[in-house]
Amino acid sequence: MSAKVFTMEEVAKHNTAGDLWMVIDGDVFDLSKFGKFHPGGQSVLRPYAGKDATEAFFGLHRLEVLKKYQHLIIGKIEGAKKSSFELWDPAGVSPVPYGDISYFQGFRSAYWDDSHLAVRRYVGEFREKELMPIAEMYEKQGKYPTEELYRKMGMAGILAARLGPGPWMKDLKAMGIPVVGNIPAEKYDYFHEWMVHQEIMKVGCPAFSGGLGDGLVIGLPPVLHFGKGELQKRVVKEVLTGEKRICLAISEPFAGSDVANLQTTAKKSPCGKYYIVNGAKKWITNGAFADYFVTAVRTGGKGMFGVSMLLIPRCEGLKTTQIPVSYSSCAGTAYVTFDDVKVPVENLLGRQNQGFRIVMYNFNHERWGVNVFVQTGMRAMVDECFKWVHQRKAFGKPLIAQPVVRFKLAGMIAKTEAAQNWLENITYQMNQMPYNEMSIKLAGPLALLKYHITRLAWEVADDATQLLGGRGITRSGMGRAVEAYLRTIKLGAILGGSEEIMADLGIRQAMRGFPKSAKM
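Conventions and cut-offs
Residues numbered from 1 in each chain as written. Predicted model: local features only at pLDDT ≥ 70, side-chain atom pairs only at ≥ 80, totals over all residues. Heavy atoms only, no water. Axes fitted to C-alpha atoms, helices over the stretch in contact; angles between N-to-C directions. Helix = DSSP H or I, 4+ residues; strand = E, 2+ residues; numbered from the N terminus. Parallel < 35°, antiparallel > 145°, perpendicular 65-115°, else oblique. Left-handed = near helix turned anticlockwise from the far one by under 90°. Contact = heavy atoms within 4.5 Å. Nonpolar A, V, L, I, M, F, W, Y, C, P; charged D, E, K, R; others polar. Phe/Tyr/Trp six-rings, centres within 6.5 Å; stacked < 30°, edge-to-face > 60°. Lys NZ or Arg CZ within 6 Å of the ring centre and 35° of its normal. Pairing = 2+ DSSP bridges. Buried < 20%, exposed > 50% of the residue type's maximum accessible area, 1.4 Å probe, protein only. Arc of directions from axis to C-beta. Disulfide = S-S within 2.5 Å. Salt bridge = Lys/Arg side-chain N within 4 Å of Asp/Glu carboxyl O. Core = buried A, V, L, I, M, F, W, Y, C linked by side-chain atoms within 4.5 Å.

Draft legend 1. Structural detail: the packing of helix H16 (residues 443-468) against helix H17 (residues 480-494). Across the interface, H16 lies against H17 with an axial gap of 9 Å and an inter-helix angle of 165°. With respect to each other, H16 and H17 are oriented roughly antiparallel. Crossing angle aside, the handedness with which H16 passes H17 is left-handed. On H17, the residues touching Lys450, Thr454, Arg455, Ala457, Trp458, Ala461, Asp462, Ala464, Thr465 and Leu468 of H16 are Val482, Tyr485, Leu486, Ile489, Lys490, Gly492, Ala493 and Ile494. Looking at the contact of H16 with H17, its residues break down into 11 nonpolar, three polar and four charged.

What follows is the structure, given as C-alpha cells:
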C-alpha cells in the first residue's frame, strides 16, 4: 500500500506540543506523543513543529535513528523522492566516495570478484539481524557474547570462515556447517576471510566484535596445523560449531613480545602421563570465557628452544580474571593463572621444545588479521567523516566547503588507499603460497605493514576526531564510531607485536636475504 501524501501546508497545521508533526527527509512523522520521551527534551522539537527538520535532524542524529522510530512515520511529503532511510542498505556497499573498497564501487581489480561480494553480503546480513540489535548494549555493559550467539555464528559458518582457507573447509559439510556465501570450499581464499572480518568489525563496537571469536582466529590454527588424532578432530568440531570457545595464551606479565623468554613452566609428572603447568598469562583475548587455552610453556632450557605449545582445557587449577583495558570487557581480556594444572601429554601441539616455531608461524596470520582490522577501521573513518562534513554546517555553510577540512579528508583517503593496496598485495601472496613458504617469506612484509598501517591509522583517527569535534570524543550519537576507533586503535599497534618490534623484525628478515654482492 502506498504511503499517504501530505502537503507542507497540512503539516504546518500540526505545530503544538500535543499535536506535533515534522518532516524528515521527505517522510512525515507524528511526534505528538513522542515529545515527552525525546532524549533531548521536548524543547528541542518545538522550533521545528510543523516544519521540515531534515537539516537539523542530520546535524544531530545518525541515519540509523530513523530505523528505531520508523513506526512514527505517517506518510510522505508531496513530491518527495525515496528517503535516505529507504535507500539505506547497511549490509551493502557504501556509496560514499572512498568509503568502500574500490572494486565494490565499480573499479577494476586483479584480486576481488563477485564471490567476495557474496560473502560480505552473507555476513553483513547476519550482522544486521543477529549482532547490531545487541552490540551497543553489550559494549556498554561489558557483557560477554552468549553461548547461543556463538552457536549461531558457528552453524552459519562464520566462525570457520574467520580461519581462512584450508583443508578444514571441506570438512564443514560433515559438521552441518555451510561455507559462507555458498562459496565452494576449494575456492575460499584469504580475500573472502578479509570480508568476514570486515563485516563483523562494522558493528562499530570494537570490544563486542573482538569477543566474537578473535581468540579463535589466533587460537585454533595451532590445533589445526599441529594437533593430533582424535583430540584434534574433537576440539576443532566443538570450536567451529560454537559449542566451545578457544583462545591463545602467550603473553605474560614478564614477557610480551619477548616470547623466547616466557616463564610459564610445564614439567612432566613422575608417571610421565601429564605436564604439570605453573605460571601466568596476561592480556589474553577471550580468555575470560574460553574453554580451551592454546598455551606457550617452557618445557626445556632458556630461550626459544625450550618452548612448547599445549592445548589446555579449562580445569582445576586454571583461573581467569577479567582485565580492565581501554575497550569494553565484553572481549573477555583476561589474566590467566595456572596452579599445578595437569595436562595430558597427548595435548602437546607439535613436538616438545619446538613450540617457538609454532608461535612464529601463527603470528603471520594473526598480524594479517590485525592489519585487516585496522584497515577496516580506517575505511570506516573515511566513510563517517565524508558524510559528516556534508551534513554538518558551521559558519553558515557545510564543513566540506572549508579548504582545511578537504585537506584533512584528502590525507585520510590517501593513507587509507595506500594501506589498502599493500594489504591487497600481501593477501594475494598468501593465496598463492603454501603454508610453509608463506610462513618464511611473509613474516617480514607483514611485520612492516603492521608497523606502517598502525602508524597511519593513528593519524587517520586523530584527523577524524578533529573533524567531529566534541562528538569525536563522545561515546554515543554521531561520533560514537570515531570515538571508539580513537580509543582502541592502539590495540592494533600492540597486539601481535608492538610497532617497534615489527619494524625491527621486518628489517632483520630483509637482511637475511641481502646479497653480499650488492654494492653501491
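Draft legend 2. Quick look at the packing of aromatic side chains. As enumerated under the stated definition, the model contains 16 aromatic pairs in all. What links up through ring pairs into an aromatic cluster is the set Tyr103, Phe104, Tyr111, Trp112, Phe191, Trp194 and Tyr428. In this structure, Arg120 is placed above the aromatic ring of Phe104, and the distance from its NZ or CZ to the ring centre is 4.7 Å. Above the ring of Trp458, the side-chain terminus of Lys490 is found at 5.3 Å from the ring centroid.

Draft legend 3. A look at the pairing of strand S8 (residues 274-284). Pairing geometry for strand S7 (residues 265-268) and S8, over four bridges, is antiparallel. In the sheet register, Lys267 faces S8, and the bridge partner there is Ile276. Between S7 and S8, which pair antiparallel in sequence order, lie five residues; one of them, Gly272, sits at a positive phi of approximately 80°. Relative to strand S12 (residues 334-344), S8 runs antiparallel, the two being bridged by eight bridges.

Draft legend 4. Broad picture of helix H6 (residues 147-155). Regarding H6, the residues found buried are Leu149, Tyr150, Met153 and Gly154. Relative to the axis of H6, the buried residues are bounded by an arc of 140° and lie together on one face.

Draft legend 5. Local environment of the side chain of Thr285. When you line up the elements, Thr285 lands in the loop between S8 and strand S9 (292-298). Excluding anything up to four places from it in sequence, Thr285 contacts Gly210, Asp214, Gly215, Cys247, Ala331, Gly332 and Thr333.

Draft legend 6. Structural context of the sheet that holds strand S4 (residues 27-30). One open sheet holds the five strands; their spatial order is S1-S5-S4-S3-S2, and the pairing between them is mixed. Only two strands of the sheet have a single neighbouring strand rather than two, namely strand S1 (5-6) and strand S2 (15-16). Relative to strand S5 (residues 73-77), S4 runs antiparallel, the two being bridged by three bridges. When the bridges of S5 are listed, Val28 appears paired with Gly75.

Draft legend 7. Quick peek at the state of the cysteines. Per the counting criterion, the structure on display carries zero disulfides. Left unpaired, Cys271 is separated from the closest cysteine sulfur, that of Cys315, by 15 Å. Residue Cys271 is classed as partly exposed on the basis of its relative accessible area, which comes to 49%. In this structure Cys385 is a free cysteine whose sulfur lies 17 Å from that of Cys205, the closest cysteine sulfur available.

Draft legend 8. Spatial organisation of the pattern of salt bridges. Within the structure shown, the criterion is met by 31 salt bridges. For Arg120, the salt bridge is made with Asp100, and the minimal N-O distance between the two is 2.8 Å. Residue Arg120 is found in helix H5 (residues 114-141), and its partner Asp100 is found in the loop between helix H4 (84-87) and H5; the two are separated by 20 residues along the sequence. Assigned by exposure class, Arg120 and Asp100 land together as buried.

Draft legend 9. Looking closely at the packing of H16 against helix H18 (residues 499-512). It is at 8 Å that the axes of H16 and H18 come closest, and there the two elements cross at 145°. The element H16 and its partner H18 pack so that their crossing is left-handed. Where H16 abuts H18, its residues Ala443, Gly444, Ala447, Leu448, Lys450, Tyr451, Thr454 and Arg455 lie against Glu499, Met502, Ala503, Leu505, Gly506, Ile507 and Gln509. Its residues assigned to classes, the contact of H16 with H18 shows eight nonpolar, four polar and three charged.

Draft legend 10. Highlighting the nonpolar core. Residues Phe208 and Leu220 are the most contacted members of the largest nonpolar core, which totals 117 residues. Ranked by the residues each element gives to this core, the list is headed by helix H13 (residues 355-391), at 17 residues. Residues in contact with Phe208, not counting those within four places in the same chain, are Leu131, Ile134, Ala135, Tyr138, Glu139, Leu149, Val203 and Cys330. By size, the runner-up hydrophobic cluster in this structure holds 19 residues, among which are Ile312, Val341, Val343 and Leu348.

Purely spatial values, then, with no claim about function.
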